[in-house]
Every structure is written in C-alpha cells, then in structure tokens.
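Spelled out from the first residue to the last, the chains are:
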Amino acid sequence: MTASLPAPTWFVGCGNMAGAMVEGWRSADVNLSGATVVRPSGKPVEGIRTVTEFLQAGAFPAMVVLGFKPQKLDEVAPELARYITPDTTIVSILAGVEVESLRARFPNAGSIVRAMPNLPVAVRRGVVGLFSDEADDQLKAQLGELFATLGFAMWMTDEARLSALGSVAGAGPAYVARFIAALAKAGEARGLSPEIAQTIAQETVLGTAWLASSTRENMADIARRVASPNGTTEAGLAVLDRDDVLDQLIAVTIEAAARRGAELAAEARLS
Ligand SMILES: NC(=O)c1ccc[n+]([C@@H]2O[C@H](COP(=O)([O-])OP(=O)(O)OC[C@H]3O[C@@H](n4cnc5c(N)ncnc54)[C@H](OP(=O)(O)O)[C@@H]3O)[C@@H](O)[C@H]2O)c1
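Owing to the predicted nature of the structure, the values given are computational and were not obtained by experimental measurement.

Rules and cut-offs
All residue numbers here refer to positions counted from 1 along the written sequence of the relevant chain. The predicted nature of this model means local features are confined to residues of pLDDT at least 70 and side-chain atom pairs, given and counted, to a pLDDT of 80 or more, with totals for whole chains, interfaces and linings taken over all residues. Where side-chain values are given, they derive from all heavy atoms of the structure, hydrogens and water being excluded. We call Phe, Tyr and Trp rings a pair once their centres come within 6.5 Å, taking the six-membered ring for Trp, and we label the pair stacked below 30 degrees between planes, edge-to-face above 60, and tilted otherwise. A run of DSSP states H or I qualifies as a helix once it reaches four residues; a run of E qualifies as a strand once it reaches two. Both are numbered from the N-terminal end. Relative accessibility decides the category of a residue: with a 1.4 Å probe and only protein chains considered, values under 20% of the type maximum give buried, values over 50% give exposed, and everything between is partly exposed. By convention a nonpolar core is built from buried Ala, Val, Leu, Ile, Met, Phe, Trp, Tyr and Cys residues, the set being connected through side-chain atoms within 4.5 Å. Note on contacts: a residue pair qualifies if any of its non-hydrogen atoms lie within 4.5 Å across the two residues. Note on terminology: near, applied to a residue and a molecule or strand, indicates that one of the residue's heavy atoms is within 4 Å of it. Counting of polar contacts relies on pairs of N or O atoms within 3.5 Å, with two restrictions inside protein: one atom must be capable of donating a hydrogen and the other of accepting it, and residues adjacent in sequence are counted only when both atoms are side-chain atoms. Working definition of accessibility: Shrake-Rupley area with a 1.4 Å probe, residue cover restricted to the visible protein chains. Note on residue classes: Ala, Val, Leu, Ile, Met, Phe, Trp, Tyr, Cys and Pro are nonpolar, Asp, Glu, Lys and Arg are charged, and everything else, Gly too, is polar.

Caption draft 1: The packing of aromatic side chains, seen in detail. Enumeration according to the criterion identifies six aromatic pairs in this entry. Seen in terms of ring centroids, Trp 10 and Tyr 83 are 5.5 Å apart; in terms of plane orientation they differ by 55°. Their pairing is tilted. Taken together, the residues Trp 10 in strand 1 (residues 9-12) and Tyr 83 in the loop between helix 2 (73-80) and strand 5 (89-92) connect sequence positions 73 residues apart. Given the relative accessible area of 0%, Trp 10 is considered buried. On the basis of relative accessible area, Tyr 83 is assigned to the buried category, the value being 10%. Joined through ring pairs, the aromatic side chains of Trp 10, Phe 54, Phe 60 and Tyr 83 make up one cluster.

As structure tokens, this is what we get:
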C-alpha cells in the first residue's frame, strides 16, 4: 500500500526543498491529491493545486508543511495561525527554528514536528531527520513511513541532535558537490574534457558511497583497499592526511554553518 499525505495538506512555500520533497513523493506514488501549495508567486507545482493565499486553500489543513525561509516566519505566521486547529500537525523544515519558537507562533496547533531533509529527497535518496516531543506513537509511525519513502529517515531524540544531523546531511549535498567539482577540475587539469571529468568524478563518489552502503565497510577499510603500500593512492592520501588537513577543513566548515544555525534559532526565539 502506498503512503498518503493527510488530507488536506498545505505546503506553505514550495521552493527548492519542499519542491524536492514533493518530487520524491510523486515519484514514490504517494497520494498527493489532498495537497495544496500556498506560495506568493503562484508558480505551478506539477500535480498539485497551487494558490497564492490561504483564503483560497479550502478546508482547514490536517497537516501543514512549512517550506519557506526561517526569516519569513513572522511574516507568514500571524495569518497562517488563523487556519491552524488542534487537529493540525505542523511539519516545519525551517533550519534552526526550534519547536518552542514554532509553538509560540502556533499555540492552537496539534503536534509540531521538525523535519530536516536534504536535496536528494527529490530522487528518493535523501536523509531526513525528524524530531517532536509532542507527536504520539501513531503520528510518529505515520510520518516516519511517509518520510522513509524519500530515503533514509530517522527520529532524533532531541533538537541538538537534529541540528547535528542538519549540519552534516542538510547542508552536506552542497559540500559533496564542491568536492566532486574539485575532483573533476583535477581531472580536467590532467587532460579530460569537462563533461567526462564531471561524470567520472560524480560516478566515483556515488560508487564509493554505494559500496560502503552495500558492504557496511568503514571508510578507513575502503581507503586501505584502494591504496596499496607505496603506491599512487598512498602518495595522494599522504597529502590529504597531512596534519589532518581534510578533517580540519570539514570541521571548520560545519562549525561555520552550525554558528549560522544558532543565529537563526536565536532570531526566531527573540522576535
Ligand atoms: N535547500 C536546502 O537544501 C534545505 C535543506 C534543509 C532545510 N531547508 C529549509 O527549507 C526552507 C526553504 O528553503 P529553500 O531552499 O527551499 O528556499 P526557496 O527555494 O527560496 O523557497 C522558499 C519558498 O518560500 C515561499 N515563500 C516566500 N514568502 C512566502 C510567504 N509569505 N508565504 C508563503 N510562502 C512564501 C517561496 O514562494 P515563491 O516561490 O512563490 O516566491 C518559495 O516557494 C528553509 O527554511 C530552509 O531552512 C532547506
């Protein structure tokens, strides 16, 4: 049996991320017939009724997916709150904005759930972290099933761990994209065409992740199996590993993003 979105479900904002979720659900044959997108531009979303105002959205929602930027919360919340009842589940994908801040804006809502997805949900290979200290087991099971159609979904035990997941998985596709681009540039520098270099780089990353996921081997073992003693890969790894340069770079990258996440959380708390 395929999963269904609760009817009616309102997507409030449907840009890159909520749009990717819709794409994933559509390709998983999740029933989207009870869904409506509310967005100021009215830009159509394939297979879903799209309107520009809450007034046009129809019956009060059973579920609302908050898919706008965290900075828009105070613009959207006062009007949206009029359509929220104790039977409404709110699922927020707003990075950094805590349940308490959402509860302050939507005091009447049923359960408030935070979801932290990443872009590959569009092709059903995403990672989704979920958190709620309010949802009952039945709702958790229902949402867990719905998000599992988008890839790997897991409930986190607290918001700190949800942020940790977000800083690795939510933002991760951007970092991996940069790594693939760097790998491709190096291929180009050695004479490959840009197209071939990019294909080779991305297939190498995909294949390595696939191998790890299929065999459950850890990364150190995979690296060891590629690098024969005193060989070419070992010479390359010696550069990457010198003074833990790669680990350090990733650590400061993620720290910078986490700092920004903390700022967004603080802004949502104060305003
Ligand atoms: N991008 C990611 O990889 C990622 C990952 C995890 C979480 N998130 C979270 O996802 C959320 C959306 O990010 P995004 O990258 O998808 O942004 P985006 O592409 O800019 O989309 C924002 C959406 O919000 C809508 N919007 C703007 N003002 C609105 C209003 N007053 N009422 C209703 N909708 C409004 C926009 O509608 P129009 O198009 O009609 O202007 C657009 O559909 C953010 O909170 C972010 O933290 C993103």
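Caption draft 2: Inspection of the nonpolar core at higher detail. Formed by 33 residues in total, the largest nonpolar core has its most connected members in Leu 5, Phe 11, Met 21, Trp 25 and Phe 147. Among the secondary structure elements, those contributing two or more residues to this core are helix 1 (16-27), strand 2 (35-38), strand 4 (63-66), strand 6 (112-116), strand 7 (126-131) and helix 4 (137-148). It is helix 1 that provides the largest number of residues to this core, a total of six residues. Setting aside chain neighbours within four positions, we find Phe 11 in contact with Leu 5, Ala 18, Val 22, Trp 25, Ala 35, Thr 36, Val 37, Val 38, Ile 48 and Val 65.

Caption draft 3: Summary view of the site of the ligand. Lining the immediate environment of the ligand, one finds 22 residues, of which Asn 16, Met 17, Arg 39, Ser 41 and Phe 68 sit closest. Gly 15 is positioned with one of its backbone polar atoms (N or O) 3.1 Å from an oxygen atom of the ligand. For the ligand, whose free accessible area comes to 920 Å², the fraction covered by protein is 78%. Contributions of two or more residues to the shell around the ligand are made by helix 1 and helix 2. In terms of residue class, the shell around the ligand is built from 13 nonpolar, five polar and four charged.

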